[in-house]
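Each chain, written out:
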Amino acid sequence: MEIEIAGHSGCSIEVVNENNRLFVYKSTRDPSYAGRLRQQALKQRGFEAQAPASIKTPRILAIEAGENACRIKMEYVYSLNFITFLENAGYEQINHFLGNIIAFVESEIALCELKTIEERIFTEKYWSVRRNIQTSAHTGADGEIKALLPELDRIFGGKLAVSIPVGVCHGDLTLSNILFNGGRCYLIDFLDSFIETPLMDIVKLRQDTAFNWSGLMYQGTYDHIRHQIALRLMDKRIHDFFSKYQWYHEAYPVFQLMNFLRILQYAHDPVVIRFLKTSIADLLKRYAV
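Heads up: these notes are all about the structure in this document. (Residues numbered from 1 in each chain as written. Predicted model: local features only at pLDDT ≥ 70, side-chain atom pairs only at ≥ 80, totals over all residues. Heavy atoms only, no water.)

1. Observations regarding the packing of aromatic side chains
Alright, step 1. On inspection of all chains with the given rule, the structure shows 20 aromatic pairs.
Alright, step 2. Ring plane angle 15° and centroid distance 4.8 Å describe the contact between Tyr126 and Phe156, whose orientation is recorded as stacked. Here Phe156 lies in helix H5 (residues 143-157) and Tyr126 lies in helix H4 (residues 119-135), a separation of 30 residues in the sequence.
Alright, step 3. Tyr126 sits in the buried class, given a relative accessible area of 1%.
Alright, step 4. According to the relative accessible area criterion, Phe156 is buried, its value standing at 0%.
Alright, step 5. Three or more aromatic residues joined by ring pairs form one cluster here, namely Phe211, Trp213, Phe260 and Phe275. (Phe/Tyr/Trp six-rings, centres within 6.5 Å; stacked < 30°, edge-to-face > 60°. Helix = DSSP H or I, 4+ residues; strand = E, 2+ residues; numbered from the N terminus. Buried < 20%, exposed > 50% of the residue type's maximum accessible area, 1.4 Å probe, protein only.)

Right under this line is the structure:
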């Protein structure tokens, strides 16, 4: 038995029955992505050894990697996705999950060192992303995007040295990359980040809780009102908790802007482009970066 399941990385994902046991195979034949998938699998395998009791990751059982392709085999976890979890969870269950995920990010912060990020890292990344947005057939001629660029140029083209915890992170800690299994959750789809910082995990969480990215990407139907109430509850708690860190206040808006811009450079769906333009404009107004 082979079951195709959805993913957003462009990789092929299959659930395969082998001797009455289910396994997940994730693979790519894209030479430009093969090395990255291998690094993501190694990052996930590294997390297995130090994962807390309340947060796990599916075990990586095999990595088959070459120059032009990569295939990983991992255990299948019986679980709920974030939509089904939020559709059925009560206040206590949501708070329990939030406590676990906040504790996870706190454990990452404890493993990091506070470092000042050089301005050139931001400026080089920004101008590279900006060029991709302007040359894209889907975004290059967009007047609303052009109107945002002067303010973004000011932010990323000026003095932008920030101190943040650097060392480890999941890299793509969105709700769609969390599987819910009773009182425990499993993290999947670890990702290499341009800066390995727990701040990126907060950014990715709030990409969902503040902006509902994963809800936008979800293909099925769900109770939008219940979902939004749960997201607001989660976002307030995440923001209130990490507000104790000065680096969070100073760096979160800039990192969230960069996060949305990095997605925008590859966007081609008009709905996604509209979401990203609105989110970037909202950030610029909300935080007066």
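There is more to say after this.
2. A look at the nonpolar core
Alright, step 1. Within the largest apolar cluster, 73 residues are counted, with the highest numbers of intra-cluster contacts made by Phe97, Ile101, Leu152, Phe156, Ile164 and Phe255.
Alright, step 2. Per-element accounting of this core gives the leading share, 12 residues, to helix H9 (residues 246-264).
Alright, step 3. Excluding its chain neighbours within four sequence positions, the residues that come into contact with Ile164 are Glu113, Leu114, Lys115, Ile117, Ile195, Thr197, Leu199, Trp247, Ala251 and Phe255. (Core = buried A, V, L, I, M, F, W, Y, C linked by side-chain atoms within 4.5 Å. Contact = heavy atoms within 4.5 Å.)

3. A few points about the environment of Tyr78
Alright, step 1. Tracing the backbone through its elements, the reader meets Tyr78 in the loop between strand S6 (70-75) and helix H2 (82-88).
Alright, step 2. With relative accessibility at 59%, the residue Tyr78 sits in the exposed group.
Alright, step 3. Each C-alpha atom, one on Tyr78 and one on Asn181, is 6.9 Å from the other, the two residues being 103 residues apart in sequence.
Alright, step 4. Residues in contact with Tyr78, not counting those within four places in the same chain, are Leu22 and Asn181.

4. Observations regarding the sheet that holds strand S4 (residues 55-56)
Alright, step 1. An order of S4-S10-S9 is seen for the 3 strands of this open sheet, with the pairing classed as mixed. Because the sheet does not close on itself, it has two edges, and the strands there are S4 and strand S9 (178-181).
Alright, step 2. Bridge count for S4 against strand S10 (residues 184-187) is 2 bridges, and the pairing is parallel. The residue of S10 that forms the bridge with Ile55 is Cys185. (Pairing = 2+ DSSP bridges.)

5. A closer look at the environment of Gly167
Alright, step 1. Along the chain, Gly167 turns up in the loop between strand S8 (162-166) and S9.
Alright, step 2. The partly exposed category is assigned to Gly167, whose relative accessible area is 40%.
Alright, step 3. Counting along the chain gives 22 residues from Gly167 to Ile145, while the straight-line C-alpha distance between them is 33 Å.
Alright, step 4. When sequence neighbours within four positions are dropped, the list of residues in contact with Gly167 reads Cys112 and Glu196.

6. Some words on the packing of H9 against helix H10 (residues 270-287)
Alright, step 1. At their nearest, the axes of H9 and H10 sit 10 Å apart, and the two run at 165° to each other. The angle between H9 and H10 places the two elements in the roughly antiparallel class. Crossing angle aside, the handedness with which H9 passes H10 is left-handed. Residue-level inspection shows Tyr252, Pro253, Gln256, Leu257, Phe260, Leu261, Ile263 and Leu264 of H9 in contact with H10, the latter providing Ile273, Phe275, Leu276, Ser279, Ile280, Leu283, Leu284 and Tyr287.
Alright, step 2. When grouped by side-chain class, the residues that make up the contact of H9 with H10 number 14 nonpolar, 2 polar and no charged. (Axes fitted to C-alpha atoms, helices over the stretch in contact; angles between N-to-C directions. Parallel < 35°, antiparallel > 145°, perpendicular 65-115°, else oblique. Left-handed = near helix turned anticlockwise from the far one by under 90°. Nonpolar A, V, L, I, M, F, W, Y, C, P; charged D, E, K, R; others polar.)

7. Remarks on the packing of H4 against H5
Two numbers describe a pair of packed helices, the interaxial angle and the distance between the axes.
Alright, step 1. Remark: H4 packs on H5, axes separated minimally by 11 Å, with the N-to-C direction vectors making an angle of 170°. When the axes of H4 and H5 are compared, the pair comes out roughly antiparallel. Contacts between H4 and H5 involve Thr123, Tyr126, Trp127, Arg130, Ile133 and Gln134 on the former and, on the latter, Ile145, Leu149, Leu152, Asp153 and Phe156.
Alright, step 2. Broken down by class, the residue content of the contact of H4 with H5 amounts to 7 nonpolar, 2 polar and 2 charged.

8. Observations regarding the state of the cysteines
Alright, step 1. Scanning the model with the defined rule gives 0 disulfides in all.
Alright, step 2. Left without a disulfide partner, Cys11 is nearest to the cysteine sulfur of Cys70, which lies 8.2 Å away.
Alright, step 3. Distance from the sulfur of Cys169, which forms no disulfide, to the nearest cysteine sulfur (Cys112) is 8.0 Å.
Alright, step 4. For Cys169, a relative accessible area of 5% corresponds to the buried category. (Disulfide = S-S within 2.5 Å.)

9. With respect to the side chain of Thr123
Alright, step 1. One can find Thr123 in helix H4.
Alright, step 2. Since its relative accessible area comes to 17%, Thr123 is described here as buried.
Alright, step 3. Polar contacts involving the side chain of Thr123 include one to the main-chain carbonyl oxygen of Arg120, which spans 3.2 Å. (Polar contact = N/O pair within 3.5 Å; in protein donor to acceptor, adjacent residues only side chain to side chain.)

10. As for the pairing of strand S3 (residues 21-28)
Looking along a regular strand, one sees side chains alternate from face to face of the sheet.
Alright, step 1. Buried residues dominate S3, accounting for 6 of its 8 residues.
Alright, step 2. Judged from the 7 bridges that link them, strand S2 (residues 12-18) and S3 form a sheet pairing that is antiparallel. Bridging from a neighbouring strand, Glu18 pairs with Arg21 of S3.
Alright, step 3. Counted between consecutive antiparallel strands, the loop separating S2 from S3 contains 2 residues, among which Asn19 sits at a positive phi close to 55°.
Alright, step 4. Sheet topology places S3 next to S6; 6 bridges connect them, and they run antiparallel. When the sheet's bridge partners are listed, Ser27 is paired in S6 with Arg71.

By themselves, these figures tell us nothing about what the structure is for.
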